[in-house]
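Chain by chain, the residues:
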Amino acid sequence: MSDTPAPSKLELRREKQMEALLAAAEARVRQDGVASLKARDLAADIGVALGGLYNIVADMDDLMLRVNSRTLARLGLAAAQAADELPMTTRAEALDRLVTVAQTYLRFARSDLKLWRMLFETHVTSSVPAWANEDQLRLFRHIAEPLSVILPDLSPEALTVRARTLFAAVHGVVMLGLEERLVAVPLDRLDSEIDWLTRAACGA
């Protein structure tokens, strides 16, 4: 039997309120973007007083980081489901897996555009807690693992930098494409151009 005590009624209520608050925040962002997140509106959404909202989260920065954490978790799950079972014993296999990760990123951004944008539009006024940084860095293993097979001579530090560089390149193409900027890759070419970019960056 576990020695962990059962959660109290207060803890269970707080967990339920947290889930309701995060779901309400996600719904508002999906509808109207991150600028729509207002404490008073969210408190009304979940049926608590404005002051009660801050018994659930410390402040709006905390809330936005928690929403982003859930988005990052879904992105990580999407990448894992798409790529983790793919082989990467050879350079060609690892490159195919890396392309799959990059294209999964594009599909995720397309499917949940405003919450994806929020990841890059959130500007907190306090220092970012360690758990929020870890949520972001954890995703880089989907890039670094195949990249370590493709570029086996890189040191761990150089591999980290190269993974971040490749992410920045793919992210830029995705962001400009989905925003349909003047210089963007046409929407119907994004998949194939991300494939090309990923392979070209790896010297293929």
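Look up: the structure comes first, before these words.
Residues numbered from 1 in each chain as written. Predicted model: local features only at pLDDT ≥ 70, side-chain atom pairs only at ≥ 80, totals over all residues. Heavy atoms only, no water.

With that out of the way, let us pick up unusual backbone geometry. At Glu180, a position not held by glycine, the phi torsion is positive, near 55°. Relative to the assigned elements, Glu180 resides in the loop between helix 9 (156-179) and helix 10 (190-201). Judged by relative accessible area, which is 58%, Glu180 ranks as exposed. (Helix = DSSP H or I, 4+ residues; strand = E, 2+ residues; numbered from the N terminus. Buried < 20%, exposed > 50% of the residue type's maximum accessible area, 1.4 Å probe, protein only.)

Attention shifts here to the layout of surface pockets. Taken as a whole, the largest pocket spans an internal volume of roughly 580 Å³. Along its surface, the largest pocket is lined by 28 residues, and Leu72, Leu75, Phe120, Leu139 and Phe167 are the ones closest to its centre. Of the residues forming the lining of the largest pocket, the biggest block, six residues, is contributed by helix 4 (residues 60-83). Of the residues belonging to the lining of the largest pocket, the class tally is 19 nonpolar, eight polar and one charged. (1 Å grid on protein atoms, 1.4 Å probe; cavity = no way out; pocket = protein on both sides within 12 Å on 5 of 7 lines; lining within 4 Å. Points joined across faces, edges and corners; volume = space filled by probe spheres on them. Nonpolar A, V, L, I, M, F, W, Y, C, P; charged D, E, K, R; others polar.)

Turning to the nonpolar core, a few remarks are in order. Residues Leu98, Trp116, Leu147, Val170, Val174 and Leu178 are the most contacted members of the largest nonpolar core, which totals 27 residues. Those elements that place two or more of their residues in this core are helix 4, helix 5 (91-111), helix 6 (113-121), helix 8 (141-150), helix 9 and helix 10. Membership of the second largest hydrophobic core comes to 22 residues, among which are Leu21, Ala43, Ile56 and Met60. (Core = buried A, V, L, I, M, F, W, Y, C linked by side-chain atoms within 4.5 Å.)

A separate point is the pattern of salt bridges. Tallied over the full model, the rule gives 17 salt bridges. Close ionic contact of Arg66 with Asp62 constitutes a salt bridge, the shortest N to O distance being 2.9 Å. Here Arg66 pairs with Asp62, and both are found in helix 4, just four residues apart, close to one helical turn. When its relative accessible area of 14% is taken as the criterion, Asp62 is described as buried. Across the salt bridge formed by Glu145 and Arg97, the nearest N and O atoms sit 3.4 Å from each other. Residue Glu145 is found in helix 8, and its partner Arg97 is found in helix 5; the two are separated by 48 residues along the sequence. Residue classification places Glu145 among the partly exposed positions, given a relative accessible area of 29%. In this structure, a network of salt bridges that share partners links the residues Glu19, Glu26, Arg30, Arg70, Arg74 and Asp112. (Salt bridge = Lys/Arg side-chain N within 4 Å of Asp/Glu carboxyl O.)

A few words on the packing of aromatic side chains. The final tally for this structure, using the stated rule, is four aromatic pairs. For the ring pair Trp116 and Phe120, a centre distance of 5.8 Å and an interplane angle of 70° mean the geometry is edge-to-face. Of this pair, Trp116 and Phe120 are both found in helix 6, four residues apart, which corresponds to roughly one turn of the helix. Of the residues examined, Trp116 reaches a relative accessible area of 1% and is grouped as buried. In this structure Phe120 comes out as partly exposed when scored by relative accessible area, which is 38%. Between Phe140 and Phe167 the ring centres are 5.6 Å apart and the planes differ by 70°, which places this aromatic pair in the edge-to-face class. Taken together, the positions of Phe140 in the loop between helix 7 (130-138) and helix 8 and Phe167 in helix 9 put the pair 27 residues apart, joining distant regions of the chain. Through pairs of rings, three or more aromatic residues link up here, namely Tyr105, Trp116, Phe120, Phe140 and Phe167. (Phe/Tyr/Trp six-rings, centres within 6.5 Å; stacked < 30°, edge-to-face > 60°.)

Everything listed is a geometric property; what it means functionally is a separate question.
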